[in-house]
Structure formats: structure tokens, C-alpha cells
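# Breakdown of the fold
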Amino acid sequence: MRNLRYLLLGTIFGIILCKVQAVSWWRMQEMFRFNAFYMYGLFATAIPTGMLSVWLIKKYNIKTISGEPIVIPKKKFNWGYVIGGLLFGLGWAFSGACPGPLLALIGAGKLVVIIVFISALFGTAVYSWLRPKLPH
Amino acid sequence: MTTFLNQSWPWYVGGVLIGLMVPALLIVGNKSLGVSASLRDMCAACIPFRIPFLDYDWKKESWNLFFAAGIVLGGFLAGYLFADPQPEHIANNTLHALSQNGVQFNKGFVPNDIFNWSYLRTVPGFIIIVVGGFFVGFGTRYAGGCTSGHGIMGLSTFQWPSLIAVASFFVGGIISANWLLPLVLNLGK
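Everything in this summary refers to the structure shown in the same document. Along each chain, numbering runs from 1 in the same order as the chain's sequence is written. Think of it this way: whatever chain is written first is A, whatever ligand is written first is 1, and the rest follow in order. For this predicted model, a pLDDT threshold of at least 70 governs which residues receive local features, and a threshold of 80 or more governs which side-chain atom pairs are given and counted, while totals over whole chains, interfaces and linings are taken from all residues.

Right, let's get into the overall build of chain A. Under the DSSP-based scheme used, a helix requires at least four consecutive residues in state H or I and a strand at least two consecutive residues in state E, with every element numbered from the N terminus. Scanning chain A for helices and strands turns up six helices and zero strands. Along chain A, helices (α) and strands (β) appear in the sequence α-α-α-α-α-α when read from the amino end. Across its three principal directions, the C-alpha atoms of chain A cover 45 × 40 × 35 Å. Residues with at least 20 neighbouring C-beta atoms inside 10 Å of their own are called buried, those with 12 or fewer are called exposed, and the rest are partly exposed, where every C-beta is derived from the backbone. A burial count over chain A gives 55% of its 136 residues as buried. Contacts are defined on C-beta atoms placed from the backbone: any two residues whose C-beta positions lie within 7 Å are in contact. Taking the contacts inside chain A whose residues are at least 6 apart along the sequence as the reference set, 47% of them involve residues at least 24 apart.

Next comes the structure, spelled out in C-alpha cells:
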């Protein structure tokens, strides 16, 4: 039952991703071709909003609803961020979607996107399997 | 409210709402915004043989799966109940370049010229849909996150490794959209 709150937040996130056209294949092509400011404007408002929220959480020592202190895990750099990042970027421009939008598009009835999603699951599995042999 | 829900939102409204997902998840349950980890959980849940990287208690991370299911549901609501009748206003330069490569604009987020079952059986269709999807899954896990985990959550919390990851996403995306995609679209022509 505790997890239903994440179902609700996910639903809101999915609606937002569609309503701001972040799920649009066309928007991604436009962004990567630097033909419009739209997606950059989206990032340029989302990130400062997140930053300000996190700053307020720290400043006022805001706790979770169950009273725990809020923890933000630190990301440790490894070369996978660069190599994996480049590979993800290649796939992102082809399929026009990152993982969140993929899910939203399936919900919106774009059935061929299910194949993109299954391929992404396969990619995750292959990475997991090859991981010990890959440079990080 | 219904008019608001039935139209597309300007980027500055959407950007603020996406940014607010960061504190929402932190306050509701100390969770970091991110979607690609749910793919790992799905693999961990489904793959019958042992892979060390997938050998963890995915049920403890099951919030990810609920969040992912929510995104599908949100997409359904936005796609059917609150669908915007207006198409996206995409830059003419982009549309012109794409139409020269045989992709004509249509409303509804994805190009019908590419995302259909018969195109999937062609070489360009297979590369765009299957190989593209494979790289999304392989690359996000290798990079330890996707656009939401690194791009929104990581950058919002001033993590420089996320900045490097996002820069790499964009280098890959720029190469792919400007050079590889036109090449692939014209394969066999």
C-alpha cells in the first residue's frame, strides 16, 4: 500500500512529460539539431526549480512525511558515465525517447514503442551481463 | 481545469512541474528521481539465471516499478483523456530536414512513417527502433542514470559526475540526430 504514493507521483510525472511534449520524437530532433529553444527552456526551468527545492529542504532541514532526514546519495564518477552516456545519446536521438517518455508513450497507445522498450530491457540485461568486462 | 489539462503546457510551466518532482519524491519517501533504474529492477525480476549485477533484492526497490507503472498510466490519461488536439509546433528547419529524408510530420508525438509494424521489418526501421532502444537501455545503465536521474536529479543536487553524463548524452544525441539518423533513414535507397 505504501507504494501507491509512487504510483500516483509516477502518474503525475507521466502526464507532465506528455503535456510538455517531452515525449515527442520531433522535439528531440529539434533539440539535437539546435533548431529551437523549447527543450533547452524546459531543462533551464526544471533544473533551477529542483536546485531551489533542494536548497530549501537543506536550509529548513525539511524531513520526509514519515519524519526521516532527507538523504541525497552522492554519485561517484566512473568512465561509464562518458561511454554509457554517449551510447545512450545515440539511442536517444534514434528512438526519440529516454526511459520515462518510453513508458508514457506506451500508455498513450503508441504500441510500436513497446518494441523500443523491450529492446531497452534487453540492453540493460546485456550491460548487466557484460559489466565485469567493460571499462568503468 | 479541463481546458488546462486538454492543452499542451508551455515549457516554463512544464519545467517547473518537472523540477518539483525532485522535492516531491524526496519528501514523500526519500527517493531520488530516476526512471532507468526501474529497467534494472525489471531485468532482476525476470531473468532466471544469475548475473551478479542483477543479483540483489529488487523487491526492496519496488517503488521504482510503481513509479514506472504510474508513468504508463499518466501517458494513458494524457494520451486519451486529456489529449491536446493541436500538433506540436516544431521548427521548420527540423521538419524540412526530416521530410527530405522521407519522414513527414504528423501530430501525436511519434512519426507514423517510422513507428509502424511494417517499417520495423526494414533495415532502417530495425536500427531506429530495436538498436535505438537497445542503446537506451544499455547506455543508461552503463552511465548510471538517464535524463531524469542525471539530468534533473543529479544536476539539481550539484553533482558534477551527472554534468559529465549529461554532456555525454548530448554529444551522442547530436551525432546521432544530425549524421547517423539521416544516414540510416536513407539505407537501401
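Counting residues in each nonpolar core, the largest one holds 92 residues, and the members touching the most others are Leu102 and Leu105 of chain A. Residue contributions to this core peak at nine residues, all from helix 4 (residues 80–95) of chain A. Ignoring sequence-local partners within four residues, the contact set of Leu105 of chain A consists of Val23, Ala97, Lys110 and Val113 of chain A together with Gly75, Phe109 and Val110 of chain B. The term nonpolar core means buried Ala, Val, Leu, Ile, Met, Phe, Trp, Tyr and Cys residues held together as one set by C-beta atoms within 7 Å.

Taken residue by residue, the interface counts 100 residues in chain A and 107 residues in chain B. Those elements that provide at least two residues to the side of chain A that touches chain B are helix 1 (4–19), helix 2 (25–32), helix 3 (38–59), helix 4, helix 5 (99–107) and helix 6 (113–130) of chain A. Looking at which element gives the most residues to the side of chain A that touches chain B, the answer is helix 4 of chain A, with 16 residues. Gly counts as polar in this scheme, as do all residues outside two lists: the nonpolar Ala, Val, Leu, Ile, Met, Phe, Trp, Tyr, Cys and Pro, and the charged Asp, Glu, Lys and Arg. Tallied by class, the residues present in the side of chain A that touches chain B amount to 61 nonpolar, 28 polar and eleven charged.

A negative phi angle is the norm for most residues apart from glycine, just as the trans form is the norm for most peptide bonds. Of note in this structure, Asn61 of chain A is not a glycine but carries a positive phi near 50 degrees. Within the secondary structure layout, Asn61 of chain A lies in the loop between helix 3 and helix 4. Phi at Phe109 of chain B takes a positive value of approximately 75 degrees, unusual for a residue other than glycine. Structurally, Phe109 of chain B can be placed in the loop between helix 5 (92–100) and helix 6 (117–120).

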